[in-house]
Amino acid sequence: MAKILKGLDYKNIKKASLLIKRGDLVAFPTETVYGLGANAYDKKAVTKIFEVKQRPSFDPIIVHISSLKQLEEICYLNDKRIGDLIRNFWPGPLTLVLPKRRKVNYIVTAGLDTVAVRMPANLIALSLIQEVGAPIAAPSANLFGKLSPTKAAHVQKQLGKKIKIILDGGQTTFGLESTVLLVEKKLKILRLGSLSVEEIGRVVKKDLEIIKRPKKILSPGELKSHYAPTKPLIVVDDEDEIFKLKFSKGKQIAFLAFKKVRNKDKFLCVEILSTKGDLNEAAYNFFDSLHRLDESEADIIFAQKVPRKNLGRAIMERLEKASYKKL
Ligand code: TXA
Ligand code: MG
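Residues numbered from 1 in each chain as written. Chains lettered and ligands numbered in written order. Predicted model: local features only at pLDDT ≥ 70, side-chain atom pairs only at ≥ 80, totals over all residues. Heavy atoms only, no water.

Quick look at the overall build of the protein
Scanning the protein from N- to C-terminus turns up 11 helices and 15 strands. Whereas a compact globule of 327 residues would reach a radius of gyration of roughly 20 Å, the protein reaches 20 Å, a difference of no more than 12%. Considering only C-alpha atoms, the protein reaches an extent of 55 × 50 × 35 Å along its principal axes. Scored against the burial criterion, the 327 residues of the protein give a buried share of 56%. Partitioning the intrachain contacts of the protein with sequence separation of at least 6 by distance along the chain shows that 68% fall at a separation of at least 24. With the model as given, the accessible surface of the protein reaches about 15000 Å², and the carbon-plus-sulfur share is 52%. For the protein, the distance from the average position of its 59 positive side-chain charges to the average position of its 36 negative side-chain charges is 3 Å. (Helix = DSSP H or I, 4+ residues; strand = E, 2+ residues; numbered from the N terminus. Rg over C-alpha atoms; globule rule 2.2 N^0.38 Å. Buried < 20%, exposed > 50% of the residue type's maximum accessible area, 1.4 Å probe, protein only. Contact = heavy atoms within 4.5 Å. Areas by Shrake-Rupley, 256 points an atom, 1.4 Å probe, with all protein chains shown as cover. Lys, Arg positive; Asp, Glu negative; His and termini not counted. Charge placed at Lys NZ, Arg CZ, Asp CG, Glu CD.)

Details of the nonpolar core
Within the largest apolar cluster, 74 residues are counted, with the highest numbers of intra-cluster contacts made by W90, L94, L96, I163 and F286. Tallying contributions element by element places helix α10 (residues 279–295) first for this core, with 7 residues. Among residues more than four places away in sequence, those in contact with L94 are L85, F89, V117, R118, S178, T179, L181, L195 and I200. Of all hydrophobic cores here, the second largest spans 17 residues; its members include L19, L128, A138 and I165. (Core = buried A, V, L, I, M, F, W, Y, C linked by side-chain atoms within 4.5 Å.)

Regarding α10
Because each turn of an α-helix spans 3.6 residues, side chains separated by three or four positions in sequence point in the same direction. Between the first and last C-alpha of α10 there are 24 Å, a value that for 17 residues agrees with the 24 Å anticipated at 1.5 Å per step. Of all bends in α10, the biggest is about 40°, found at F286. In terms of burial, α10 is a largely internal element, 12 of the 17 residues being buried. Where α10 is concerned, the buried positions are L279, A282, A283, N285, F286, F287, D288, S289, L290, H291, L293 and D294. In this fold, the buried residues of α10 make contact with α7 (152–159), β12 (233–236), β13 (253–257), β14 (269–272), β15 (300–304) and α11 (311–322). You can read the cap of α10 off the contacts: a side-chain oxygen lies 2.7 Å from the backbone nitrogen of N280, and it is on D278. (Expected span 1.5 Å × (residues − 1). Bend = angle between axes of the 7 residues up to and from the residue. Polar contact = N/O pair within 3.5 Å; in protein donor to acceptor, adjacent residues only side chain to side chain.)

A look at the side chain of R55
Along the polypeptide, R55 turns up in the loop between α2 (43–53) and β4 (63–64). R55 has contacts with F50, P60, I61, P139 and F144, leaving out every residue within four places of it along the chain.

Side note on the pattern of salt bridges
Within this structure, the stated rule accounts for 21 salt bridges. For D24, the salt bridge is made with R22, and the minimal N-O distance between the two is 3.2 Å. When its relative accessible area of 14% is taken as the criterion, D24 is described as buried. Each member of the salt-bridge network shares a partner with another, and the members are K151, E271, D288 and R292. (Salt bridge = Lys/Arg side-chain N within 4 Å of Asp/Glu carboxyl O.)

Comments concerning the pairing of β15
Of all 5 residues in β15, 5 are buried, a share of seventy percent or more. Alternating residues of β15 divide into I300, F302 and Q304 and I301 and A303, and every residue in both groups is buried. In the sheet, β12 pairs with β15 via 4 bridges, with the strands oriented parallel. Pairing of I234 across the sheet is with F302, part of β15. One ladder, built from 4 bridges, connects β13 with β15; its direction is parallel. (Pairing = 2+ DSSP bridges.)

Some details on the sheet that holds β15
A sheet is described by the order of its strands in space; here 4 strands give the open sequence β12-β15-β13-β14, paired in parallel fashion. The open sheet terminates on both sides in strands that have one partner only, identified here as β12 and β14. Mean inter-strand twist for the sheet, computed between neighbouring axes without regard to direction, equals 20°. Running over the sheet, α11 touches β12, β13 and β15 and is turned about 135° from β12. (Axes fitted to C-alpha atoms, helices over the stretch in contact; angles between N-to-C directions.)

Points about the packing of helix α1 (residues 10–21) against helix α6 (residues 123–132)
Remark: α1 packs on α6, axes separated minimally by 9 Å, with the N-to-C direction vectors making an angle of 50°. On the basis of the axis angle, α1 is oblique to α6. Between α1 and α6 lies a crossing whose hand is right-handed. Of the residues in α6, those touching α1 at Y10, I13, K14, A16, S17, I20 and K21 are I124, S127, L128, E131 and V132. Across the contact of α1 with α6, the residue classes break down as 7 nonpolar, 2 polar and 3 charged. (Parallel < 35°, antiparallel > 145°, perpendicular 65-115°, else oblique. Left-handed = near helix turned anticlockwise from the far one by under 90°. Nonpolar A, V, L, I, M, F, W, Y, C, P; charged D, E, K, R; others polar.)

Structural notes on the environment of L245
Mapped onto the secondary structure, L245 falls in the loop between α9 (239–244) and β13. Among the residues examined, L245 registers a relative accessible area of 23% and is labelled partly exposed. With residues near it in sequence (within four places) discarded, L245 still touches V236 and F302.

Looking at the packing of aromatic side chains
Evaluation of the coordinates by the stated rule reveals 4 aromatic pairs. On the basis of an interplanar angle of 20° and a centroid distance of 4.9 Å, the ring pair of F255 and F267 is categorised as stacked. With a gap of 12 residues between them, F255 in strand β13 and F267 in the loop between β13 and β14 connect regions that are remote in the sequence. On the basis of relative accessibility, which here comes to 0%, the residue F255 falls in the buried class. Within the aromatic cluster, the residues linked to one another by ring pairs are Y227, F286 and F287. (Phe/Tyr/Trp six-rings, centres within 6.5 Å; stacked < 30°, edge-to-face > 60°.)

Everything listed is a geometric property; what it means functionally is a separate question.
Structure (structure tokens):
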């Protein structure tokens, strides 16, 4: 299994950076989810990410930077709105998709002429990038299509046998992946995430568009089934709906509730996302709760819908993809 090392310790950052410099992979925390990092300029190392995650090679990887210098090294910045977005949201959970420079290999971008880039708001991540002295390419540190990790233990469970080190930064502060924004004439949100559409809208008042199911694939990672637990998951309006469904008869049921549960004893296990009904808190708890329900003895997980506003939209997007698999 991987060694879990305290991330807020320079000695461990140094250790992890040496591994990355020599072409290995390291899992590390960001403010959104844990990432599985490689030196973005090392083709072979980036190839390992695809192997370890069992990720299809058509799915491009986000490049994490710690300075403006690195940003200028990897992409072209000829749109005025980029400055507004960066000033307001970096470091933070916003990924920008921009025209790539030659320095970024097509393995990272899965053959696209754009590169996805972000500056994480996490001291461990930033220190690691700085210590490596190069941008770090990192997808979420989970097996492809499975639940994302918001704790070191989640990474250990899925990838522990395949990597040497996990830097532990505790539970991630946001809990959902970054929001992915394609900078074109229109600004297109390719993936809803920890930065809400409403917040982005305050900075770029017009030109903002949410891409639902594009005809041409704009974001190859945005497939229909994703973020999926191993158990089947079904989305419901409320707990009453569960017991009206024929196939819940005789099943051990796990329930992911939004604010409260009335009949706790009807379920094998229950997780409540936010008793206050706070969508930020719900986002923070989302993957951790799902990991726990998935580890239970239940046959099936039911998840309650949350309001589709602010981070609720990003949660709903993930629930819909997690439930896409046929029963
Ligand atoms: O919060 C996050 O973004 C985390 C942490 C580790 O930074 N990373 C993450 O990476 O979620 P990943 O690989 O799980 O998701 C990256 C998403 C995928 O949907 C991928 O298709 C999209 O970003 N993406 C990457 N490069 C792209 C590009 N050039 N054009 C369009 N979409 C791109
Ligand atoms: Mg992912």
